[in-house]
Amino acid sequence: MSDFDPARRRLLTAGLVGASSLAVSGCDAFDMLSDRDNAVRNFIEGANGLTYRAQRILLGRDALAKEFTRADILQPQRPNGVTNPSDADYKALAAEDFKAYRLEVSGMVGARLSLSLDDLQAMPSRSQITRHDCVEGWSCIAEWSGVALSAVLERAKPAQSARFVVFNCFDTIERGLSGNIKYYESIDMMDAYHPQTILAYGLNRKVLPVSNGAPLRLRVERQLGYKMAKYVRSIELVDRLTPFGLGKGGYWEDRGYDWYAGI
Ligand SMILES: Nc1nc2c(c(=O)[nH]1)N[C@H]1C(S)=C(S)[C@@H](COP(=O)(O)O)O[C@H]1N2
Ligand SMILES: [Mo]
């Protein structure tokens, strides 16, 4: 048994034509909270097959995802995907309130890091109220608090040649014949340094619950939900994605989803 019930995914996967058309058509299904007035967004929704490069030109390096107010938070953040990892190492940490948790930062860095939750919470924090868009067609607005990924990376001193940040997670998303597959994701350095990209430890002004990725989960607000790795165990700076999983940069990307997944 896996921690994740793939039944909800089957329909989507069965209808999968092209990865980028899936990501774009997913947007059409978003609820009435979607920002219909946003010209950039409307343009993207109408333009099937837009490439990563084209989205970059449209959205630029620093364009911000829309932020909301607390009055816009209508419901709790809906837990999705794996919501309660059964992995022994995760369970042991959770049983002790993640006191022994360490975020490991390695790869193409000048300084490897091993940071406790206290270390991360002692760094400057940022809170943002944003909308989470899942490719399955639902959205949720929530307030996320955490440390800027850029602040963590600055401490680790990335090599000039580092191009991506890979997030390795604690949870087993699939138990296959060839062994357990752990969730993983990746983003490029531009999104890693974006001001709204945070490693969140708080949700709606409370400690991040297990169902939403405790103790630490990524928020990368200009992209779809599956990019936002929960249960982050380690991050690795790399110059290519091919050595990870099936080589497409994420668990869902390896199964046909778009890597950039911009919204
Ligand atoms: N480690 C891990 N991260 C994950 C997932 C997962 O199953 N495992 N699911 C992804 C998907 S598809 C979504 S929509 C969001 C759900 O986050 P939430 O549970 O806080 O709503 O987490 C993403 N990150
Ligand atoms: Mo999702």
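Residues numbered from 1 in each chain as written. Chains lettered and ligands numbered in written order. Predicted model: local features only at pLDDT ≥ 70, side-chain atom pairs only at ≥ 80, totals over all residues. Heavy atoms only, no water.

K.L.:
Hey, could you run me through the pairing of strand β10 (residues 232-238) in this one?
P.N.:
Note on strand geometry: in a regular strand, side chains alternate between the two faces of the sheet. Judged by how many residues are buried, β10 sits mostly within the fold: 5 of 7 residues are covered. Pairing of strand β1 (residues 103-107) with β10, which is carried by 4 bridges, proceeds in the parallel orientation. Bridge assignment links G107 to a residue of β10, and that residue is L237. By the bridge criterion, 6 bridges tie strand β5 (residues 164-176) to β10 in an arrangement that is antiparallel. When the sheet's bridge partners are listed, V165 is paired in β10 with L237. (Buried < 20%, exposed > 50% of the residue type's maximum accessible area, 1.4 Å probe, protein only. Helix = DSSP H or I, 4+ residues; strand = E, 2+ residues; numbered from the N terminus. Pairing = 2+ DSSP bridges.)

K.L.:
Whenever I open this one, the nonpolar core confuses me. Can you help?
P.N.:
The tendency in soluble globular proteins is for nonpolar side chains to be buried as a group. In terms of nonpolar packing, the biggest core is built from 53 residues, with L103, L120, V152 and F167 touching the most fellow members. Ignoring any residue separated from it by four or fewer positions in sequence, one finds F167 in contact with L149, Y183, Y184, E185, S186, I187, L199, L218, A229, V232, S234 and I235. Y184, V238, L241 and F244 belong to the second largest nonpolar core, which has 8 residues in total. (Core = buried A, V, L, I, M, F, W, Y, C linked by side-chain atoms within 4.5 Å. Contact = heavy atoms within 4.5 Å.)

K.L.:
Would you mind showing me how to read the sheet that holds β10 here?
P.N.:
Within a sheet, adjacent strands bond to each other through the backbone by hydrogen bonds, running parallel or antiparallel. Strand order in this open sheet of 5 strands is β2-β1-β10-β5-β6, and the pairing throughout is mixed. Where the open sheet ends on each side, the last strands, each with one partner, are β2 (113-115) and β6 (179-188). Here the average twist between neighbouring strands, direction ignored, is 25 degrees. Pairing of β5 with β6 involves 9 bridges; the strand directions are antiparallel. Its bridge partner lying in β6, R175 is registered against N180. Here helix α7 (residues 149-156) sits on the sheet in contact with β1, β2, β5, β6 and β10, set at roughly 135 degrees to β2. (Axes fitted to C-alpha atoms, helices over the stretch in contact; angles between N-to-C directions.)

K.L.:
Explain the packing of aromatic side chains to me, please; I cannot follow it from the model alone.
P.N.:
Within a pair of aromatic rings, the relevant descriptors are the distance that separates the centres and the angle that separates the planes. Across all of its chains, the model carries 10 aromatic pairs by this definition. With a centroid separation of 5.5 Å and an interplanar angle of 55 degrees, the aromatic rings of Y90 and F98 are classed as tilted. Residue Y90 is classed as buried on the basis of its relative accessible area of 1%. Classification of F98 by relative accessible area gives buried; the value is 9%. Measuring from ring centre to ring centre gives 5.1 Å for Y226 and Y257, while their planes differ by 75 degrees; the resulting arrangement is edge-to-face. Of this pair, Y226 sits in the loop between β9 (217-219) and β10 while Y257 is found in the segment after β10, placing the two residues 31 residues apart along the sequence. (Phe/Tyr/Trp six-rings, centres within 6.5 Å; stacked < 30°, edge-to-face > 60°.)

K.L.:
Quick question: what am I supposed to make of the pairing of β1 here?
P.N.:
Where β1 lies against β2, 3 bridges are found, and the strand directions are antiparallel. Note that in β2 the partner of V105 across the bridge is L113. Between the antiparallel neighbours β1 and β2 lie 5 residues.

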